[in-house]
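Each chain, written out:
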Amino acid sequence: MAQYSRVSGTVGLITLLNPPVNALSAAVRQGIVDMMDKALSDRKVKSVVICGHNGKFCGGADIREFSSPLTGPLLIPVIQGVESAAKPVVAAIEGVALGGGLELALGCHYRIAHSKARLGLPEVHLGLLPGAGGSQRLPRLIGVPAALDIITTGRHVTAAEALKLGLVDRVTDRNTVDEAVKFALSVADQSPQSRRISTFPCPHHPDLDAVFEGVMQRVRQRARGALAPVACVQAVAAATLPFAQGMERERELMATLFTSGQARAQQYHFFAQRAVGRWSMPSGARWDKTKPVAVHKAMVIGLGTMGRGISVALVQAGVSVVAMETNEKQLMDAKQAISSMLERGAKRRGVAPALDKIRYSSDMQPAADVDLVIEAVFEDMALKKKVFQQLSALCKPGTFLCSNTSGLDVDQLASETRTPELVVGMHFFAPAHVMKLLEVVYGSRSSPQAVATAMELGKQMGKVSVAVGNCRGFVGNRMLKPYLEQAFFLLEEGATPEFVDQVLEEFGFAMGVFRMSDLSGLDVGWRVRKADGLPDGHSARIRQGCRYSPLGDLLCEQGRFGQKTGRGWYQYDKPGGQVAKPDPWLQDFLEKFRTQHGLVARRIDHQEVLERCLYALMNEGFRILEDGIAAGPEDIDVIYVLGYSWPPHRGGPMFYAAMVGLKKVLERLEHYHQEHPDIPSLKPCNLLRKLVVSGSPPVQKWREFLQKPQSQL
Ligand SMILES: CCCCCCCC/C=C\C=C\CC(=O)SCCNC(=O)CCNC(=O)[C@H](O)C(C)(C)COP(=O)(O)OP(=O)(O)OC[C@H]1O[C@@H](n2cnc3c(N)ncnc32)[C@H](O)[C@@H]1OP(=O)(O)O
């Protein structure tokens, strides 16, 4: 709804009221219509201010309403009503003006923003475009190039940038509503005619065609098959037409997106990111019943790539850091790298680099005086155990001990300490100061407070933290195993790395499985497999009764570790080179391998690659839910979209399974398992069967079919 009052004698003040972000629900839209009528018909009122309740202008259309038939007045005529008002209307923008919220502000005749406000049109992240005139008014106000940037990236613009762009008329550090009221008084006698953006011509640009062409090319490259970014460019292109025609084009494009599966997937992802914050543990412990401990001082142990990124993320979150590394050369390099990352980050955010928040150490002693430690040494259990033993002896009581392991047993690490309840995994993703995902891994003895503290610290670092149980590979890497395995089997059966990657990249992954393996280094997994007892030089295709592909091991034995050695599944022009080229050596190697094992290469099609790789991965996701390692499908989906480049417009693997149809997924898994009975990851899991028998409920209902956590409190 919206509230109305008359202030300073002649200003009608309309306050949008729909906590927490004053989203434009049907009631709010109706409220705006009614309160505008009131203000316009009150003869004492000479000008109007629109603001939002509780320091937030407006977070946009109410996304929850998109899944049911729209009711109430539509936003487009509501905004037209504001713009065509005969009295000047001023938007007082505090907090956020996003999506429909900014479109409403663009319908006002003046915009005053608080210096801390953020503005943007993030619809592209919801699979939409700014469909309430935003794609037509923004370019008219700030020009096509700047509008294209804001609309296609969906990024938030600071008040300072908004002022520079001409998006707002004034920025204030004072009470924004008071300033807007004063401003409204000052323009009360002026006609709003010349301030109606819909009447502006689109600003002249010497070579608009080239601008659109360039942006379209970039957008298509980045979109990975998403429709919305392309439609955003098309809508802005229509801003060069008369306003009414442009609005018609915006409406047509929006209608296509609005009902698309992609929009549903991206809106699901929006709410899933928020749902994972409401974590629970099998013990019954929950986010709303557990208070995190504030972390002021932390230590990072091991300054390789991960340790450096984690240190930067902590400092940027305002935490004082002791960064520790025993290798002198590595320590020197890390100091330089961390300083320059902090400087670059500060420049981007327009603040001073917090170099004084970090100090370096070559020994563990400072661990005695910190609130939390994150161990980021080499992925080796014996080494990590030693670190945890030392920490346990050194740290003051209550210090949380975290490991950045990407899949080792957190319980084993905890058992090396006197305080296993304070031990959790904090699995960051590289580069750790950039990637948004954090897996917080609770062991069997981790206390709810340790989980809450790690989750909160993740949030403070700007991450989306997902609490997961302790098992080999946790959620993300556990699901990766059957996916990689299928890719290897497909090569054995006749596919090429280029073809498998092409199919997966067309699906929307940023990189196919082989390019990704080359980038992360083939030796990483090889070392883990060897630690698990992989005999050197052994190329058997059956291990413990199950099919096994030794292809990755054989490549590593040849010193082909991927990009860093210039050879892997592809060849590169030099070690560290980035351009992957098909390698005739590999073709030859695969042919010899097949001959040696009596395999006849067959033609493998697009569908088989996609189904075997993805359905095996999804099947593991169902197992993870069944095992209680993830609390719900949203947790898995958020992990995959934010950590493993699963395309957001496909929602995540569990959402995608529901979109494909669980019955179909089950049938195809059954088919492939029949063809390959020695591949257990293709055997459909019980939860999938149970869901199909129950009529394939939508993903949001799956939690009802999961075993309830047993309370141990
Ligand atoms: C057939 C063709 C018909 C076509 C007709 C269509 C006509 C449509 C016309 C116009 C359409 C306009 C499109 C839009 O405006 S889409 C919305 C654009 N806005 C956004 O994308 C902003 C989304 N929100 C955020 O980015 C953040 O929430 C933010 C506002 C920055 C606040 O962040 P923070 O303080 O961190 O808080 P949370 O993110 O945790 O949010 C708090 C709770 O509020 C819920 N929320 C937020 N925004 C919305 C929203 N726009 N609608 C509904 N709910 C929203 C959020 O989910 C949190 O609640 P919960 O934890 O319960 O999930």
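This structure is a prediction, so every number in the text was calculated from the model and none was measured. (Residues numbered from 1 in each chain as written. Predicted model: local features only at pLDDT ≥ 70, side-chain atom pairs only at ≥ 80, totals over all residues. Heavy atoms only, no water.)

The full set close to the ligand counts 26 residues, and Gly59, Ala61, Ile63, Gly100 and Arg274 are the nearest of them. Within the backbone of Ala61, an N or O atom sits 2.8 Å from a nitrogen atom of the ligand. At 2.8 Å, a backbone N or O of Gly100 approaches an oxygen atom of the ligand. Its free accessible area being 1200 Å², the ligand has 74% of it covered by the protein chains. The set of elements that each furnish at least two residues to the shell around the ligand consists of helix H3 (100-107), helix H10 (243-258) and helix H11 (261-275). Classifying every residue of the shell around the ligand gives 16 nonpolar, four polar and six charged. (Near = heavy atom within 4 Å. Polar contact = N/O pair within 3.5 Å; in protein donor to acceptor, adjacent residues only side chain to side chain. Areas by Shrake-Rupley, 256 points an atom, 1.4 Å probe, with all protein chains shown as cover. Helix = DSSP H or I, 4+ residues; strand = E, 2+ residues; numbered from the N terminus. Nonpolar A, V, L, I, M, F, W, Y, C, P; charged D, E, K, R; others polar.)

Going through the model one piece at a time under the given rule, you end up with 37 salt bridges. The shortest N-O distance in the salt bridge between Asp523 and Arg527 comes to 3.2 Å. With Asp523 and Arg527 both in helix H20 (residues 522-531), this residue pair falls four residues apart, about one helical turn. Residue Arg527 is classed as partly exposed on the basis of its relative accessible area, which comes to 40%. Between Asp553 and Arg529 there is a salt bridge whose closest N-O contact spans 2.7 Å. (Salt bridge = Lys/Arg side-chain N within 4 Å of Asp/Glu carboxyl O. Buried < 20%, exposed > 50% of the residue type's maximum accessible area, 1.4 Å probe, protein only.)

Bringing the sheet that holds strand S4 (residues 89-93) into the picture now. The sheet built from six strands is open, its strands ordered S1-S2-S3-S4-S6-S9 with mixed pairing. The open sheet has two edge strands with one neighbour each: strand S1 (2-7) and strand S9 (170-172). Direction aside, the axes of adjacent strands within the sheet are offset by 20° on average. In this structure, strand S2 (residues 11-16) lies alongside strand S3 (residues 47-52), joined through six bridges in parallel fashion. Across the sheet, Leu16 pairs through a bridge with Gly52, a residue of S3. (Pairing = 2+ DSSP bridges. Axes fitted to C-alpha atoms, helices over the stretch in contact; angles between N-to-C directions.)

Everything listed here is a matter of geometry and, on its own, says nothing about what the molecule does.
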